[in-house]
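Each chain, written out:
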Amino acid sequence: MADVTRRFFLRHLRGAPTSWVRHHVQGRIRHEGIGQSFWYRPLTAVLSEVPIDDRELPLLFHARTSDFADVTVQATVTYRISAPATAAERLDFSVDPGNGRWRGQPLDQVATLLAELAQQPALDLLARLALTEALTAGIAPVREAVTAALGGDPRLADTGVSVVSARVVAIRPEPDLERALQTPTREAVQEQADRATYSRRARAVEQERAIAENELQNKIELARREQQLVEQHGANSRRKAELDASAALVVAQATEERAQVAAAGAAERARIAAAAEAEADTLRSAARAEGVRSVGLAEAEAEASRLAAYRDLPPAVLQALALKELAGQLPEIGQLTVTPDVVTNLLGRLSR
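Parameters at a glance
Residues numbered from 1 in each chain as written. Predicted model: local features only at pLDDT ≥ 70, side-chain atom pairs only at ≥ 80, totals over all residues. Heavy atoms only, no water. Helix = DSSP H or I, 4+ residues; strand = E, 2+ residues; numbered from the N terminus. Buried < 20%, exposed > 50% of the residue type's maximum accessible area, 1.4 Å probe, protein only. Contact = heavy atoms within 4.5 Å. Areas by Shrake-Rupley, 256 points an atom, 1.4 Å probe, with all protein chains shown as cover. Expected span 1.5 Å × (residues − 1). Arc of directions from axis to C-beta. Pairing = 2+ DSSP bridges. Polar contact = N/O pair within 3.5 Å; in protein donor to acceptor, adjacent residues only side chain to side chain. Salt bridge = Lys/Arg side-chain N within 4 Å of Asp/Glu carboxyl O.

A.B. asks: If you had to explain the overall build of the protein chain to someone new, which residues and values would you point to?
C.D. replies: Per the secondary structure count, the protein chain includes eight helices and ten strands. The proportion of buried residues among the 352 residues of the protein chain is 23%. Contacts in the protein chain between residues far apart in sequence, at least 24 positions, make up 64% of those at least 6 positions apart. Carbon and sulfur atoms form 56% of the exposed surface of the protein chain, whose accessible area is close to 24,700 Å².

Listed below in structure tokens is the structure:
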């Protein structure tokens, strides 16, 4: 939209690079073209502004297939006004000289024309197609039909409108029908998923079986090696027992030999000790006998000497010595009472 500036009783219009502007004064063209900028009097000026840029027109309409199924077609038409002078003459693109705004809705007219021209070939084509065919292969034929219809329509050429492109985005049935149509595909996909799951499970079971067999083979191998180990351990134990028995036998023989040697030594030592003891006893006996004989001889000589000394003594002296000897043998006497009987007996003994 052009930019209009007010200065006193005059107006200044500055156009855009994508807008075509025409300025009439009393039926004569004063300014015309793209990117115009000029002063004008609003009381005498007649202005028209036509956009020449590409514009997108989204379309959404309903159609019916040959099997009486309702579908929704979503399309987009790109157009531009290639002949702005022709469009300004055929449609009301006039703007208010005071504020530069359109007095009407010319682009709505263009959109209505394009929608009607695009819907008619699409409806005719879908009416000849079944629902399944329309959904699977109907987008390209519909797009081609819409493009051909819009490109060859004389009304668009007379209006100065050119169609740049036409695109059919989607053809959709009603939601319930779409879900019903998706059911076989969904079931097929689910079946494939189930087959994949079953195959994966079968492979897992096969792998588990292989793992179990491998584990069983490992257990068998371990058992065999354990048996070999037990057998080897038994052989080692037997060999160790034999070696221990041989060593024990050798030790017993050595011990017995040492015992025999010790016994022989002990016997020899006992014999030597006994011989020495016997010889010592003999020597001691001989010494004791010699001592006894010597003592006897000494006592005999002493007794002989004493008797020889007593032999030459008078009898009175001998009696006195006898009394002395007797007194040494008697117990201690505290008091002595001498009676005639005692004296008589004593004298009798002395006389005897």
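A.B. asks: Got a sec to walk through helix α4 (residues 139–151)? Specific residues and values, please.
C.D. replies: Between the first and last C-alpha of α4 there are 18 Å, a value that for 13 residues agrees with the 18 Å anticipated at 1.5 Å per step. For α4, the full list of buried residues reads Val 142, Val 146 and Leu 150. The arc enclosing the buried residues of α4, seen along the axis, measures out at 55°, which places them on a common side. Of the residues in α4, the exposed ones pointing more than 90 degrees away from the buried face are Glu 144, Ala 148 and Gly 151. Here the buried face of α4 lies against β8 (70–81), α2 (106–127), α5 (154–159) and β10 (161–173).

A.B. asks: Which residues make up the sheet that holds strand β3 (residues 19–25), and what values do they have?
C.D. replies: Pairing between the strands of a sheet comes from backbone hydrogen bonds, and it takes one of two forms, parallel or antiparallel. Pairing within the open sheet is antiparallel, and its four strands lie in the order β4-β3-β6-β9. Each edge of the open sheet carries a strand with a single partner, namely β4 (28–34) and β9 (94–95). Pairing geometry for strand β6 (residues 45–51) and β9, over two bridges, is antiparallel. Directly across from Ser 48, in β9, lies its bridge partner Ser 94.

A.B. asks: Please give an account of the side chain of His 12 that cites residues and values.
C.D. replies: Of note, His 12 is situated in strand β2 (residues 10–14). Separated by 3.2 Å, the side chains of His 12 and Ser 37 make a polar contact. Residues within four places of His 12 in sequence aside, it is in contact with Asp 3, Val 4, Thr 5, Ser 37, Phe 38, Trp 39 and Tyr 40.

A.B. asks: Which residues make up the side chain of Arg 22, and what values go with them?
C.D. replies: Within the secondary structure, Arg 22 sits in strand β3. Arg 22 sits in the buried class, given a relative accessible area of 9%. Side-chain polar atoms of Arg 22 contact the side chain of Glu 32, separated by 2.5 Å. When neighbours within four sequence positions are excluded, Arg 22 is seen to be in contact with Ile 29, His 31, Glu 32, Val 46, Leu 47, Ser 48, Ala 85 and Glu 89.

A.B. asks: Residue-level account of the pattern of salt bridges, with values.
C.D. replies: Applying the stated criterion to the full structure yields 14 salt bridges. A salt bridge links Asp 70 to Arg 64, with the shortest nitrogen-to-oxygen separation between them at 3.1 Å. With relative accessibility at 30%, the residue Asp 70 sits in the partly exposed group. A salt bridge links Asp 176 to Arg 179; the shortest N-O distance between them is 2.3 Å. Separated by three residues within a single helix, Asp 176 and Arg 179 lie in helix α6 (residues 175–311), roughly one turn from each other. The exposure class assigned to Asp 176 is exposed, which follows from its relative accessible area of 55%. Judged by relative accessible area, which is 45%, Arg 179 ranks as partly exposed. Through salt bridges with shared partners, a single ionic network connects Glu 206, Arg 209 and Glu 213.

A.B. asks: Hey, could you go over the pairing of strand β5 (residues 37–40) for me, with residue numbers and the actual values?
C.D. replies: Residues Phe 38 and Tyr 40 line the buried face of β5, whereas the alternating positions Ser 37 and Trp 39 sit on a face that is not buried. The sheet contact formed by β2 and β5 spans four bridges and is antiparallel. Counted as the bridge partner of Leu 13 is Phe 38 from β5.

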